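Listed here are the chains, written in short residue letters.
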Amino acid sequence: MLKYSISATAPHITHIINCCIEVGYYPSLWKYALIKPLPKISIPSVYNDLRPISILPALSKVLEKVIYLQLYEFVISNQIIPESQSGFRRGYSTTLLLLNVSDDIIRSLDAGLATALVFLDFSKAFDTIDHCLLLAKLRYYGINQLGCRLFKSYLQGRYQCVVVDNSSYSDFQPVTSGVPQGSILGPLLFIIYTSDIFKTITYCKIQGYADDTQLYLSFDPRFINTASAYINQDLENIQKYSFNHNLNLNPDKC
């Protein structure tokens, strides 16, 4: 993990990236982000009507890409990401997730079974990730000491400010949780962080795309009360997992 170097970019950039990987350090100047709020609707009236777009230094993406390629190869070869997670993986998509869920439901209907389906939504899931817990999971999954040192440097000591109309800037504020929005590594780190949520399920089937999760159970309609109890038990397990992982379920969107 994190052993090879690159030589395809400008020589001085190549030297910087190689040094960062060799010592496990992510440059501090590359950890400052500009947040541009873009309206989701034509006339926004509350903060929720705005979508924050994070702009990171362009050169940071080069180092992130090098790290990403090695980390992705590591988690796939070691089967860390479950098959039920379709987000941010080569050969997977929202279409595949939809086909999997639809196929299971249709097969159940053909067998005379009913299916209960619950859609789960997490509030700002990428922003609430606990750094210490993420680093502990990376160590548990086999990332070596140098790699963990690099990821710690990558996650911690970040700052961001809000930019309005390309002219008004807020003060830079520290970012104490979450993975960087708009980054290359962020989505991969998120699905590693939440990969074990699929193991909390006892009775239902589960499919996920990043933080969007579908929980469903097929059952004989005569035993709907038992099925309801099973679903609620799995939902309680997910709620406990979410609480322990600093993830917030959004009841209004579930």
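Quick notes on the rules
- Residues numbered from 1 in each chain as written.
- Predicted model: local features only at pLDDT ≥ 70, side-chain atom pairs only at ≥ 80, totals over all residues.
- Heavy atoms only, no water.
- Axes fitted to C-alpha atoms, helices over the stretch in contact; angles between N-to-C directions.
- Helix = DSSP H or I, 4+ residues; strand = E, 2+ residues; numbered from the N terminus.
- Parallel < 35°, antiparallel > 145°, perpendicular 65-115°, else oblique.
- Contact = heavy atoms within 4.5 Å.
- Nonpolar A, V, L, I, M, F, W, Y, C, P; charged D, E, K, R; others polar.
- Pairing = 2+ DSSP bridges.
- UniProt positions renumbered as here; feature names shortened; annotations may be inferred.
- Phe/Tyr/Trp six-rings, centres within 6.5 Å; stacked < 30°, edge-to-face > 60°.
- Buried < 20%, exposed > 50% of the residue type's maximum accessible area, 1.4 Å probe, protein only.

Going by the annotation in an unreviewed UniProt entry, the name recorded for the chain is Reverse transcriptase domain-containing protein, with Acanthoscelides obtectus given as the source organism.

Engineer: I'd like a rundown of the packing of helix α4 (residues 131-140) against helix α6 (residues 185-193), residues and numbers included.
Structural biologist: Close contact between α4 and α6 brings their axes to 10 Å; oriented N to C, the two are set at 75 degrees. Overall, the two elements α4 and α6 adopt an arrangement that is roughly perpendicular. Where α4 approaches α6, its residues Leu133, Leu134, Lys137 and Leu138 are matched on the opposing element by Leu189, Ile192 and Tyr193. Within the contact of α4 with α6, the residues separate by chemical class into 6 nonpolar, no polar and 1 charged.

Engineer: Please give an account of the sheet that holds strand β8 (residues 212-219) that cites residues and values.
Structural biologist: Strand order in this open sheet of 3 strands is β3-β8-β7, and the pairing throughout is antiparallel. The sheet is open, and its two edges are formed by β3 (114-120) and β7 (205-209), each paired on a single side. Sheet twist, expressed as the average angle between the axes of neighbouring strands with direction ignored, equals 20 degrees. Across 7 bridges, β3 lies against β8 in antiparallel orientation. Among the inter-strand pairings, Phe119 is bridged to a residue of β8, identified as Gln214. Against the sheet, helix α3 (residues 94-110) makes contact with β3, β7 and β8, and its axis sits at roughly 160 degrees relative to β7, the strand it touches most. Running over the sheet, helix α7 (residues 224-244) touches β3 and β8 and is turned about 155 degrees from β8.

Engineer: Can you lay out the pairing of strand β1 (residues 32-39) for me, pointing to particular residues and giving the numbers?
Structural biologist: By the bridge criterion, 4 bridges tie β1 to strand β4 (residues 158-164) in an arrangement that is parallel. Directly across from Leu34, in β4, lies its bridge partner Cys161. With 6 bridges connecting them, β1 and strand β2 (residues 50-55) associate as antiparallel partners. Note that in β2 the partner of Lys36 across the bridge is Ile53.

Engineer: Explain the side chain of Ser86 to me, and be specific about the residues and the numbers.
Structural biologist: Along the polypeptide, Ser86 turns up in the loop between α2 (58-77) and α3. Each residue touching Ser86, except ones within four places of it in the same chain, is listed here: Tyr92, Ser93, Leu96, Leu97, Gly208 and Tyr209.

Engineer: Before we move on, can you summarise the UniProt feature "domain: Reverse transcriptase" (unreviewed entry) in the chain with the specific residues and values?
Structural biologist: The UniProt record marks residues 19-254 with the feature "domain: Reverse transcriptase" (unreviewed entry), using the residue numbering of this structure. Secondary structure within residues 19-254 divides into 39% helix and 19% strand; the distance between the first and last C-alpha atoms comes to 46 Å.

Engineer: So what about the side chain of Asp234? Which residues, and what values?
Structural biologist: Residue placement: Asp234 occurs in helix α7. Residues in contact with Asp234, not counting those within four places in the same chain, are Thr200, Ile201, Thr202, Tyr203, Cys204 and Leu215.

Engineer: If you had to explain the packing of aromatic side chains to someone new, which residues and values would you point to?
Structural biologist: Counted by the stated rule, this structure contains 10 aromatic pairs. Arranged with centres 5.3 Å apart and planes meeting at 15 degrees, the rings of Tyr32 and Tyr159 form a pair that is stacked. Of this pair, Tyr32 sits in strand β1 while Tyr159 sits in strand β4; the two residues are 127 residues apart in sequence, bridging distant segments of the chain. For Tyr159, a relative accessible area of 31% corresponds to the partly exposed category. With 6.3 Å between their ring centres and 80 degrees between their planes, Phe88 and Phe126 make a pair best called edge-to-face. Pair noted here: Phe88 is in the loop between α2 and α3 and Phe126 is in the loop between β3 and α4, with a separation of 38 residues, a long-range link.

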